[in-house]
Amino acid sequence: MLRRAGPFLRHFLLERNCSVGYSSYCSEAKMSRPVQARRLEGVDKNIWVEFVKLATTYSTVNLGQGFPDFPPPEFLKEAFSRAVSGEKHMLHQYTRAFGHPPLVKILAQLFGKLLGRDLDPMTNVMVTVGAYQALFCCFQAFIDEGDEVIIIEPFFDCYEPMVKMAGGTPVYIPLRPKAPKEGKLMSSADWQLDPAELASKFSEQTKAIVLNSPNNPLGKVFSRGELELIADLCVKHDALCISDEVYEWLVYDGKEHIRIASLPGMWDRTVIIGSAGKTFSVTGWKVGWTVGSNRLLQHLRTVHQNSVYHCATAAQDAVAEGFQRELEHYGKPDSYFVQLPRELQQKRDQLVQSLVAVGMKPIIPEGTYFLVADISEFKSEVPDVPNSDEPYDSRFAKWMVKNKGLAAIPLSAFYCEAHKGNYNSFIRFCFAKEDATLKAADDILQKWKLEKTAP
Ligand code: PMP
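Residues numbered from 1 in each chain as written. Predicted model: local features only at pLDDT ≥ 70, side-chain atom pairs only at ≥ 80, totals over all residues. Heavy atoms only, no water.

Neighbouring the ligand are 13 residues, the closest being Ala131, Asp244, Tyr247, Ser275 and Lys286. Asn216 places a side-chain nitrogen or oxygen 2.9 Å from an oxygen atom of the ligand. At 2.7 Å from an oxygen atom of the ligand is found a side-chain nitrogen or oxygen belonging to Ser275. Expressed as a share of its isolated accessible area of 400 Å², the protein-covered part of the ligand is 92%. Among the detected pockets, the ligand sits in the second largest pocket. Across the shell around the ligand, the residue classes tally to 6 nonpolar, 4 polar and 3 charged. (Near = heavy atom within 4 Å. Polar contact = N/O pair within 3.5 Å; in protein donor to acceptor, adjacent residues only side chain to side chain. Areas by Shrake-Rupley, 256 points an atom, 1.4 Å probe, with all protein chains shown as cover. 1 Å grid on protein atoms, 1.4 Å probe; cavity = no way out; pocket = protein on both sides within 12 Å on 5 of 7 lines; lining within 4 Å. Sits in = over half its atoms within 2 Å of the grid points. Nonpolar A, V, L, I, M, F, W, Y, C, P; charged D, E, K, R; others polar.)

Rendered as structure tokens:
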């Protein structure tokens, strides 16, 4: 009877039973029906939980998770202080749902300049709770049951569950490493798409491709030629491009970040995703944005309106001021967009040296603040376990944090289940760290090197 009763009646009956002395029945009345929605099947495991816990328990130096341990720029902190303790008390209240007007205006101005087109702040820009929510809005807004979404491996791990939760099917294509020149370290540019393989992944069912340039975890900055290849296939198959460009300002060695939306035929089918967290080293603020045509963004607004609705006003106001300042200093030596990559490039080179010393083979990233290193030479020190379900890099990363106190993330975490085994001898480090943190990592690695060479 209880099962057949509707939810309100069921509640009423259970309450009644309790009040007339059926308390034992009531305490046993646990829910027996499955509570988990079908869309969560297969997406409930997440390696971050385990690795964050390991890092907290064992690490003395944590180069695992991707966030800076240095302070954000003074001008941005001051802007936030002004927003929360200044006279504009309305900054403590809701603002426009699709983006605080000063922020969408400045983003439209900046991206209009970068893309060479007039952007309407109200229809071509939408502010989100970090780039994470921008991604979520895209998949929810565009992907239907049966749609395929092409994901380039290695990929930022949330793409896969987000596609699945929207009812779509991820179709994976790996970047394939080419051997570097004799005696040279590999570069992230050596990891490339096979054009024929990429073309073979597009089909009638392809609704979108996710592009992440500069790429987390490799640090690859896609070249114009590579972007043209992707763009041509998108146009040919009438597919969307969800372009995650959160590391757009973090490119090194004079490389240029090219926006795929600026290529012929792409504006109409691309959503650009950005993050103040990465742009201004404030990952905790969770301010992100989408830029694109109104034809696309109108659907993101529907998802946003009916999910989070709104992002913290004070943080948006401070980010708007930050961009205002950057626009005024654009291209000048005191611009944060010039200074931050310059400092990070030095940190990258410092970490490369430390890793080489211990016998790892770093893949030099062209962008982002991540660096992937080859650990295949360590199999005598940390033996592989044949036929284990756990990829070698995961085993190695756990061993390293427990025995050396240094935390990193296994690269296999950035591959689909079927491909993890093919790319299981690399680990990812984050070098957006204070010099003291990188020095502490170097101390660990130098000590490790001495232990390896000791008779
Ligand atoms: N995309 C990529 C590639 C990322 O690395 C991250 C953060 N690690 C995000 C999106 C999410 O950014 P946010 O913190 O702004 O939500």
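So much for the structure itself; the text now carries on.
Backbone-to-backbone hydrogen bonds pair the strands of a sheet. The strands run either parallel or antiparallel. Here we have 7 strands laid out as an open sheet, ordered 2-10-9-8-7-3-4, and mixed in their pairing. Looking at strand neighbours, the two that pair on one side only are strand 2 (125-128) and strand 4 (169-174), the edges of this open sheet. When strand polarity is set aside, the average angle formed by the axes of neighbouring strands in this sheet is 20°. Pairing of strand 9 (residues 270-275) with strand 10 (residues 288-291) involves 4 bridges; the strand directions are antiparallel. Within strand 10, the residue paired with Ile272 across the bridge is Val291. Each of strand 2, strand 3 (148-153), strand 7 (206-212), strand 8 (240-244), strand 9 and strand 10 touches helix 6 (residues 130-142); the most contacted strand, strand 9, lies at about 160° to it. (Pairing = 2+ DSSP bridges. Helix = DSSP H or I, 4+ residues; strand = E, 2+ residues; numbered from the N terminus. Axes fitted to C-alpha atoms, helices over the stretch in contact; angles between N-to-C directions. Contact = heavy atoms within 4.5 Å.)

A word on the domain arrangement of the chain. By the assigned domains, the chain splits into domain 1 (41-70 + 335-453) and domain 2 (74-329). If you average the C-alpha positions of domain 1 and of domain 2, the two centres end up 25 Å apart. Of the residues lining the interface, 39 residues belong to domain 1; the matching set on domain 2 comes to 45 residues. Summed over both partners, the interface of domain 1 with domain 2 buries about 3,500 Å², with 62% contributed by carbon and sulfur atoms. Inspection of the domain 1/domain 2 interface yields 2 salt bridges. The partner of Lys255 in a salt bridge is Glu366, with the nearest N and O atoms 3.3 Å apart. Applying the counting rule to domain 1 against domain 2 returns 22 residue pairs in polar contact (both at pLDDT 80 or more). The set of elements that each furnish at least two residues to the side of domain 1 that touches domain 2 consists of helix 13 (336-358), strand 11 (361-363), strand 12 (370-374) and strand 15 (426-430). Counting residues per element, the side of domain 1 that touches domain 2 draws most heavily on helix 13, which supplies 9 residues. Here the residues of the side of domain 1 that touches domain 2 are counted per class, giving 28 nonpolar, 7 polar and 4 charged. (Domains from an automatic or database assignment. Buried area = accessible area lost by both parts, 1.4 Å probe. Salt bridge = Lys/Arg side-chain N within 4 Å of Asp/Glu carboxyl O.)

Moving on: the pattern of salt bridges. As a working rule, side chains carrying opposite charge can pair if their charged atoms are close by. If you walk through the whole model with that rule in mind, you get 22 salt bridges. Between Lys164 and Glu160 there is a salt bridge whose closest N-O contact spans 3.8 Å. Pair noted here: Lys164 and Glu160 are both in helix 7 (residues 159-165), with a separation of 4 residues, about one helical turn. On the basis of relative accessible area, Lys164 is assigned to the partly exposed category, the value being 34%. Close ionic contact of Glu451 with Lys447 constitutes a salt bridge, the shortest N to O distance being 3.7 Å. In this pair, Glu451 and Lys447 are both assigned in helix 15 (residues 435-453), 4 residues apart and thus about one turn of the helix distant. With a relative accessible area of 53%, Lys447 lands in the exposed category. Here the salt bridges do not stand alone but share partners, grouping Glu50, Glu390, Arg395 and Lys398 into one network. (Buried < 20%, exposed > 50% of the residue type's maximum accessible area, 1.4 Å probe, protein only.)

What follows deals with the nonpolar core. Counting residues in hydrophobic clusters, the biggest one holds 140 residues, and the most contacted among them are Met360 and Phe429. A domain split of this core shows at least three residues from each of domain 1 (41-70 + 335-453) and domain 2 (74-329). (Core = buried A, V, L, I, M, F, W, Y, C linked by side-chain atoms within 4.5 Å.)

Turning our attention to the pairing of strand 12. Moving residue by residue along a regular strand, the side chains alternate between the two faces of the sheet. The buried fraction of strand 12 is high, at 5 of 5 residues. As judged from the 3 bridges shared by strand 11 and strand 12, these two strands associate in the antiparallel manner. Looking at strand 12, one finds that Lys361 is bridged to Asp374. Hairpin geometry of strand 11 and strand 12 is characterised by an intervening segment of 6 residues between the two adjacent antiparallel strands and by a positive phi of about 65° at Thr368.

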